[in-house]
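Take a look at the letters that make up each chain.
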Amino acid sequence: MIGSEPQLFEVVRRGGNRAPGSWIGIVSLTEPDEILINEIRSEAETQFNPRLLAIDIRETEPFALAREMNKLDNEWVLLHGFEHWTPARWHAAELNRNSWLRGGLNWFLLSPAAVSNIARYAPNVKSLIGSYLVIGPDQSQMSAEECETRLTQLREHYGMSDDQIIAAAENHELEMTPHMVEWLILSDRGDLV
Amino acid sequence: MPEVADSAAASGTTRKERFRQYFHAFNPTVSPEQALTDGFVLTDLRPELFHKKIAARVELEPRSRQALIGGIGSGKTTELLLVQKHLAEQGISAFYVEVSRFADISRAKPGFLVGIAAKHLIRELGSMDALADDANAINNFLYGYWQHESERVYDEEPHDPYYSFVGGVIAKPIISDNIDQTARQAFERILAAYRKGRQFSLIIDGLDRMHEIDDFRRLVFPDLSIFQTLEVPVVCVAPLALQFAPQSDLREQFDRIHELSSIRTNGNGLGRVLKLRDTAGLLTSTAGIEVISGSGGLVRDLITLARDAGEEAYVSGSQQIEKNHVAGAVRQMGLSYSRGLSHRQLELLRATAENKGVDPTDSEIMQLLGSRRIIEYSSTSFAVHPALSKVLNLDRF
């Protein structure tokens, strides 16, 4: 993705055109919810009409998840709930990464917190996901007013302006905490995520 | 451009079909087994021909233990499969096992490699009454069993409070760290039955992702000792940390440690990889050069960049993949590598870019090496990943 955040249809289009077995990482501004999952499902059905199964993995151990996924043939699997995973669980996913390899597309629906954790605890998992596809704020069910309210909260809390945050990110002086990732996406600079 | 149009017209392929074929060829998550089957692997990509050297030692030294080390996406699994293929051509049976497909490595206990090897041999031997008890002993050892207070054993959970579950080495492990003698003896008998007229060797994949070298030592070395005693040659991937481990006893456990460093981008090997997979010639020559340069010599990153650049070209409606499509993909990869870096790690990356030396015994440096933000070309040659270097503005050094 280059420049501003793509629309959801483009995210699904990019991911859906990848080869079978690919791992696709979608970053959502807010914690992924049923509305977003259904939007993705609907977009996928419109473009590709796949068999898509959404799996909430928040309470699932990585190896047990692999066993469930390997029972599926070439379905698209949309995994969500990663923001609830502890570092220990990410480490287990890292160790057992290859047990997740399968014939269908694996979609990883990630919040900013999950993006940080993958980078820190599961670089092997990250290497198979590759670059992220970031969904802009309007696809995360936030109105323009809600976005502005949230930006105001972040500015006041950290005492910084949007330009300062963007400049810090561009100079790679910005620690990518979930709030910072959220701020960049709200500021239409999800390309820096 | 006209060449592409002519060949497309001649072959009757549409733009969508050409790109689809391209995405199939450049898929970083495809299994190395499939990549080999599809003809996408260059067996002579590395001049060292590791797989032939490894296979030669397996053939000649039955008690050999060899380790293969390399960073993420360096081609370790591909090398192991080439070893297996080479040994098969010499008539030697080599069991390749990716352990995470058999066991949850995060919960496994010593002995699980012996158990997995035994199960493989039992499958190969087929149904043999003489080995039924041994096969049962191996299953109990691996998966656990229910035991009555009188010590009578059951596989399934009985509804009786006088039974307790004895964990296996790959399920609910609650037994001690010493490998069960019953299981070891069962493995010996199974191995003897298999070996009548055949050689057997073991290729173990999937253990390199253990970050702590002592975890690797604790989990794997007891099994390696048994294999050595029983003259089963073993080749296994090992954590990158072994390469720089100050404890020499760890390195001495192996007769040979093969280090897969990254491929120099100024040779022609990576160009041959691109050409082998890009049969439709979608990548322009300048785009190909940028893909090679941006990958830093890591094969998986080469494939990912080629794929991502192809995606950019496809969604933009382009007939070919140009340099600007690659530039976008390199930037995204660099941003991905920049996630989660601490201030100290940023300083270490700057120092690396300025050729101020790299201390691999520093745990932060190990993390940067392990996550491929620093690439090792030899024991004395290191560089920041070029995609990351661009994003951090370190390529000015």
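Residues numbered from 1 in each chain as written. Chains lettered and ligands numbered in written order. Predicted model: local features only at pLDDT ≥ 70, side-chain atom pairs only at ≥ 80, totals over all residues. Heavy atoms only, no water.

### A look at the overall build of chain B
In terms of helices and strands, chain B carries 17 helices and 10 strands. Expressed as a percentage of its 397 residues, the buried residues of chain B come to 55%. For chain B, long-range pairs separated by at least 24 residues make up 72% of all intrachain contacts whose partners lie at least 6 apart in sequence. Of the roughly 17,300 Å² that chain B leaves accessible, carbon and sulfur atoms contribute 48%. (Helix = DSSP H or I, 4+ residues; strand = E, 2+ residues; numbered from the N terminus. Buried < 20%, exposed > 50% of the residue type's maximum accessible area, 1.4 Å probe, protein only. Contact = heavy atoms within 4.5 Å. Areas by Shrake-Rupley, 256 points an atom, 1.4 Å probe, with all protein chains shown as cover.)

### Section: the interface of chain B and chain A
Each side of the interface is counted separately: chain B has 44 residues, and chain A has 45 residues. Counting the surface lost from both chain B and chain A, the interface buries some 4,000 Å², and carbon and sulfur atoms represent 50% of this. When residues of chain B are sorted by the area they lose upon contact with chain A, Thr29(B), Arg209(B) and Arg339(B) head the list and together hold 18% of the total. Linking chain B with chain A are 5 salt bridges, by the criterion used here. Our enumeration of links across chain B and chain A arrives at 15 residue pairs in polar contact (both at pLDDT 80 or more). Elements represented by at least two residues in the side of chain B that touches chain A include exactly α2 (15–25), α13 (299–315), α14 (323–338) and α15 (343–353) of chain B. A per-element tally of the side of chain B that touches chain A places α13(B) first, with 8 residues. Counted by class, the side of chain B that touches chain A contains 14 nonpolar, 16 polar and 14 charged residues. (Buried area = accessible area lost by both parts, 1.4 Å probe. Salt bridge = Lys/Arg side-chain N within 4 Å of Asp/Glu carboxyl O. Polar contact = N/O pair within 3.5 Å; in protein donor to acceptor, adjacent residues only side chain to side chain. Nonpolar A, V, L, I, M, F, W, Y, C, P; charged D, E, K, R; others polar.)

### Let's talk about the packing of helix α11 (residues 269–277) of chain B against helix α12 (residues 285–295) of chain B
Residues and elements named next belong to chain B. Between α11 and α12, the least distance of the axes is 10 Å, while the angle of their chain directions is 125 degrees. Classified by the angle between their axes, α11 and α12 sit oblique to one another. Once α11 is placed against α12, the crossing between them reads as right-handed. For the pair α11 and α12, contact is made by Leu 270, Gly 271 and Leu 274 and by Gly 288, Val 291, Ile 292 and Ser 295, respectively. Per-class residue counts for the contact of α11 with α12 are 4 nonpolar, 3 polar and no charged. (Axes fitted to C-alpha atoms, helices over the stretch in contact; angles between N-to-C directions. Parallel < 35°, antiparallel > 145°, perpendicular 65-115°, else oblique. Left-handed = near helix turned anticlockwise from the far one by under 90°.)

### Digging into the confidence of the model for chain A
Mean pLDDT over chain A stands at 83; residues scoring 70 or higher make up 92%. This model gives residues 1–5 of chain A a pLDDT under 50, and the stretch forms 18 contacts once residues within four places in sequence are excluded. (pLDDT = per-residue confidence, 0-100.)

### Observations regarding the nonpolar core
One finds Phe112(B), Leu207(B) and Phe216(B) to be the most contacted residues of the largest nonpolar core, which totals 110 residues. Both domain 1 (2–29 + 264–391) and domain 2 (50–260) of chain B contribute no fewer than three residues apiece to this core. Ignoring anything within four residues of it in the chain, the contact list for Phe112(B) reads Val99(B), Ala103(B), Leu142(B), Val169(B), Ile170(B), Leu207(B), Leu219(B) and Asp223(B). Judged by nonpolar contacts, the second largest core, of 44 residues, contains Trp100(A), Leu128(A), Ile129(A) and Leu184(A). (Core = buried A, V, L, I, M, F, W, Y, C linked by side-chain atoms within 4.5 Å. Domains from an automatic or database assignment.)

### Describing the confidence of the model for chain B
All names here are of chain B. Mean pLDDT over chain B works out to 84, with 88% of the residues at or above the 70 mark. Here residues 1–10 scores under 50 on pLDDT; set against residues more than four positions off or in separate chains, the count is 7 contacts. For residues 172–177, every residue scores under 50 in pLDDT, and the model assigns this stretch 16 contacts once sequence neighbours within four places are set aside.

### Topic: empty space enclosed by the protein
Evaluation of the coordinates by the stated rule reveals 6 cavities of 30 Å³ or more. Roughly 670 Å³ of internal volume is contained in the largest cavity. Forming the walls of the largest cavity are 41 residues, and the residues nearest its centre are Pro32(B), Gly75(B), Lys76(B), Thr78(B) and Arg300(B). For the lining of the largest cavity, the secondary structure elements donating two or more residues are α6 (123–129) of chain A together with α3 (32–37), α5 (76–89), β2 (93–98), α11 and α13 of chain B. In terms of residue count, α5(B) provides more of the lining of the largest cavity than any other element does, 5 residues in total. (1 Å grid on protein atoms, 1.4 Å probe; cavity = no way out; pocket = protein on both sides within 12 Å on 5 of 7 lines; lining within 4 Å. Points joined across faces, edges and corners; volume = space filled by probe spheres on them.)

### Description of the layout of surface pockets
Roughly 740 Å³ of internal volume is contained in the largest pocket. What lines the largest pocket is a set of 34 residues, among which His211(B), Glu212(B), Ala241(B), Met366(B) and Gln367(B) lie closest to the centre. Contributions of two or more residues to the lining of the largest pocket are made by α4 (87–95), α5 (112–121) and α6 of chain A together with α9 (213–229) and α16 (363–370) of chain B. The biggest single contributor to the lining of the largest pocket is α16(B), with 4 residues. Split into classes, the residues belonging to the lining of the largest pocket amount to 15 nonpolar, 11 polar and 8 charged.

### Some thoughts on the sheet that holds strand β1 (residues 65–70) of chain B
Residue and element names in this part refer to chain B. As summarised here, the arrangement of the 5 strands in space is β2-β6-β7-β1-β8, forming an open sheet in which the pairing is parallel. Among the strands making up the open sheet, the edge pair consists of β2 and β8 (256–260). The sheet shows a mean angle of 15 degrees between the axes of neighbouring strands, taken without regard to direction. Relative to strand β7 (residues 234–237), strand β6 (residues 200–205) is paired through 3 bridges, and the arrangement is parallel. (Pairing = 2+ DSSP bridges.)

### Observations concerning the pattern of salt bridges
A full pass over the atoms with the stated rule returns 27 salt bridges over all chains. Of the charged contacts in the structure, one is a salt bridge between Glu75(A) and Arg51(A), with a shortest N-O distance of 2.7 Å. Of this pair, Glu75(A) sits in the loop between α3 (62–69) and β3 (76–80) while Arg51(A) sits in the loop between α2 (34–47) and β2 (52–56); the two residues are 24 residues apart in sequence, bridging distant segments of the chain. What makes Arg51(A) exposed here is its relative accessible area of 59%. Between Glu68(A) and Lys71(A) there is a salt bridge, with the nearest N and O atoms lying 3.2 Å from each other. Under the relative-accessibility criterion, Lys71(A) is labelled exposed at 60%. Within the structure, one salt-bridge network assembled from shared partners comprises Glu10(A), Arg14(A), Arg18(A), Arg307(B), Asp308(B), Glu311(B) and Glu312(B).

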